[in-house]
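Commentary on secondary and tertiary structure
Next come the chains, spelled out residue by residue.
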Amino acid sequence: MKNLYKLIFKSIYTLLIIMLFAFCTNNTKSEKSNNDRMTENDKNALGALGQIGSDWENLSDGKTFNGWHIFKKDEVNDSWIIEDGAFVYVGGTDGNSTGNDLISDKKFTSYILSIDWKISKGANSGIFYGVNENSDFGQPYFTAPEIQVVDNNNSVGSSKEYAGSLYDLVPAKEGLINPVGEWNNYIIEINHYTNLALVNINGTKALSYPLSGNEWDKMIKNSKFRDWSEFGKHKTGNIGLQDHGGKIYYKNIKIKEIK
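Residues numbered from 1 in each chain as written. Predicted model: local features only at pLDDT ≥ 70, side-chain atom pairs only at ≥ 80, totals over all residues. Heavy atoms only, no water.

Some thoughts on the pairing of strand 12 (residues 237-241)
Counted residue by residue, strand 12 has five buried out of five residues, so it is predominantly covered. Sheet topology places strand 5 (residues 102-108) next to strand 12; four bridges connect them, and they run antiparallel. If you follow Ile-103 over to strand 12, its bridge partner there is Gly-240. With three bridges joining them, strand 7 (residues 124-131) and strand 12 adopt antiparallel strand pairing. Bridge pairing in strand 12 links Val-131 to Asn-238. (Buried < 20%, exposed > 50% of the residue type's maximum accessible area, 1.4 Å probe, protein only. Helix = DSSP H or I, 4+ residues; strand = E, 2+ residues; numbered from the N terminus. Pairing = 2+ DSSP bridges.)

As for the pattern of salt bridges
Taken as a whole, this structure holds three salt bridges when the rule is applied. Note that Lys-106 is salt-bridged to Glu-57, the shortest N-O span being 3.1 Å. Of this pair, Lys-106 sits in strand 5 while Glu-57 is found in strand 1 (residues 57-58), placing the two residues 49 residues apart along the sequence. The exposure class assigned to Lys-106 is partly exposed, which follows from its relative accessible area of 38%. Judged by its relative accessible area of 28%, Glu-57 is partly exposed. The salt bridge involving Glu-83 is made with Lys-247; its shortest N-O contact spans 3.9 Å. With a gap of 164 residues between them, Glu-83 in strand 3 (residues 80-83) and Lys-247 in the loop between strand 12 and strand 13 (248-257) connect regions that are remote in the sequence. Accessibility expressed as a relative area gives 29% for Glu-83, which makes it partly exposed. (Salt bridge = Lys/Arg side-chain N within 4 Å of Asp/Glu carboxyl O.)

Structure representation (structure tokens):
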């Protein structure tokens, strides 16, 4: 009888060890999967994009404005032209110094955006995300945060206005932007799964910040956007290229949605 009890006890103990091992293994796999996902996202945001494959969508064909329109309008007016495969803001004949922001037809939520740009002396622009055209506001910047595109030597008032910065909120590292008239590349990751935005300039990580939560709210409270009720509130929205004066060029606009 004593041997029987020992056998039963040993069997139960062995079963418990097996169950514990299986539980730990599953947790390790789960943690590894989560860590791998973050690592891959960070890698993409830092520029290790590889070849543009079927999971990347080209938002500029270099020949037409297909897929784009002026903010709250149905088409693109003469303030933008196509030159050597690039979208170029030249200033239109409508008499407006601003108000001709170029907006994507499609809306996006979590994604990686790759875009090349160059700028003329003294020019100012930016790349919007989370644009909401259904609001009552007359400009995209009332709802959409902006990654700054600017001539750092002639149109900048503070470090939070340097090229690559999240305008008026998070400064980018300096010294990463090529001189006026030369092309630059931004890779912008907007990831609501991880609640993280990452900006890469010419192959180097320039800044990161949360998309919502206490830290985001604190940044907004200390900025010019503190009383803007819809600013940064829309997880899903259009992408925008800002008209803010001066000649601006954008090309090779590609997006990879994160699902």
